[in-house]
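Structural features, examined
Now for the letters of each chain:
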Amino acid sequence: MTAPADDVDRIVDAWQRERPDLDFAPLHVLSRLGRIARHLDRARKAAFAVSGLESWEFDVLAALRRAGTPYELSPTSLLRQTMVSSGTMTNRIDRLATRGLVERRTDPNDGRGIIVRMTAQGTERVDRAIAELVVAEAGLLSGLGRAEQEKLAALLRTLGAGFDGTV
């Protein structure tokens, strides 16, 4: 069963009429991804707001949470996982520490380095945020069955494979 025409179909049809010399096939996929990304961004912001977090705060806290107990990483590991510059990461750690969500500790393996450890308050906030997030994201995918979601995930994995590790 084919879904009814949407705004992207109408936009592509109009371009095709005006510029029949161009192949607009990529717009059918990437324009839809862009529109879905905007809905996802709004859903994520709303899920994080329930826990009093900004998206960037969630990113850092989630990286620490995924590291497992004692929920600590070096700033270098954090910036690799969140794909930001070292200056940006320093600023983010400072702001999270001011809010009591992380603390800095001296690296026991290198007295010159630091380790960022999530506090109990940070753990509570990120756990609440991820619980809200999976519900919100499930809602965005509710129009697809499990098999369709798995097929879409596989296609997107293939498409995104060339982008992993790049900003």
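Residues numbered from 1 in each chain as written. Predicted model: local features only at pLDDT ≥ 70, side-chain atom pairs only at ≥ 80, totals over all residues. Heavy atoms only, no water.

**Quick word on the overall build of the chain**
Along the chain, the regular secondary structure elements total 7 helices and 3 strands. For the chain, the succession of helices and strands along the chain, N to C, is α-α-α-β-α-α-β-β-α-α. Here the C-alpha atoms of the chain give a radius of gyration of 20 Å, more than 25% beyond the 15 Å that 2.2 N^0.38 yields for 167 residues. Judged by the C-alpha coordinates and their principal axes, the chain covers about 65 × 30 × 25 Å. (Helix = DSSP H or I, 4+ residues; strand = E, 2+ residues; numbered from the N terminus. Rg over C-alpha atoms; globule rule 2.2 N^0.38 Å.)

**Examining the nonpolar core**
In this structure, Phe48, Phe58, Leu61, Leu64, Leu78, Leu96 and Val102 are the most contacted members of the largest nonpolar core, which totals 24 residues. Counting residues per element, the ones that place at least two in this core are helix H2 (25-50), helix H3 (55-66), helix H5 (86-98), strand S3 (110-118) and helix H6 (120-140). Top element by residues in this core is H3. It accounts for 7 residues. For leucine 64, the residues in contact, after removing those within four places along its chain, are Tyr71, Glu72, Leu73, Leu78, Val102, Val116 and Met118. (Core = buried A, V, L, I, M, F, W, Y, C linked by side-chain atoms within 4.5 Å. Buried < 20%, exposed > 50% of the residue type's maximum accessible area, 1.4 Å probe, protein only. Contact = heavy atoms within 4.5 Å.)

**With respect to the UniProt feature "domain: HTH marR-type" (unreviewed entry) in the chain**
Per the UniProt record, the feature "domain: HTH marR-type" (unreviewed entry) sits at residues 26-161. Helix makes up 69% of residues 26-161 and strand 12%, with an end-to-end C-alpha separation of 17 Å. (UniProt positions renumbered as here; feature names shortened; annotations may be inferred.)

**Digging into the packing of H3 against helix H4 (residues 75-82)**
In contact at an axis separation of 10 Å, H3 and H4 are set at 115° when each is read in the N-to-C sense. Classified by the angle between their axes, H3 and H4 sit roughly perpendicular to one another. The way H3 lies across H4 gives a crossing that is right-handed. Contacts from Asp59, Val60, Ala63, Leu64 and Arg66 of H3 reach H4 at Leu78, Gln81 and Thr82. (Axes fitted to C-alpha atoms, helices over the stretch in contact; angles between N-to-C directions. Parallel < 35°, antiparallel > 145°, perpendicular 65-115°, else oblique. Left-handed = near helix turned anticlockwise from the far one by under 90°.)

**Comments concerning a nonpolar patch on the surface**
A cluster of nonpolar side chains, namely Val29, Leu30, Leu33, Leu140, Leu141, Leu144, Leu152, Leu156, Leu159 and Phe163, defines an oily patch on the protein surface of about 820 Å² accessible area. Elements with a contribution of two residues or more to the nonpolar patch: H2 and helix H7 (146-160). Assessed through its relative accessible area of 46%, valine 29 is described here as partly exposed. (Patch = residues over 30% accessible without salt bridge, like charges linked within 9 Å, V, L, I, M, F, W, Y side chains within 5 Å. Areas by Shrake-Rupley, 256 points an atom, 1.4 Å probe, with all protein chains shown as cover. Salt bridge = Lys/Arg side-chain N within 4 Å of Asp/Glu carboxyl O.)

**Focus on the pairing of strand S2 (residues 102-107)**
Residues in a regular strand point their side chains to alternate faces of the sheet. Bridging between S2 and S3 involves 6 bridges; their strand directions are antiparallel. Within S3, the residue paired with arginine 105 across the bridge is isoleucine 115. Where S2 folds back onto S3 in an antiparallel hairpin, the turn is made up of 2 residues. (Pairing = 2+ DSSP bridges.)

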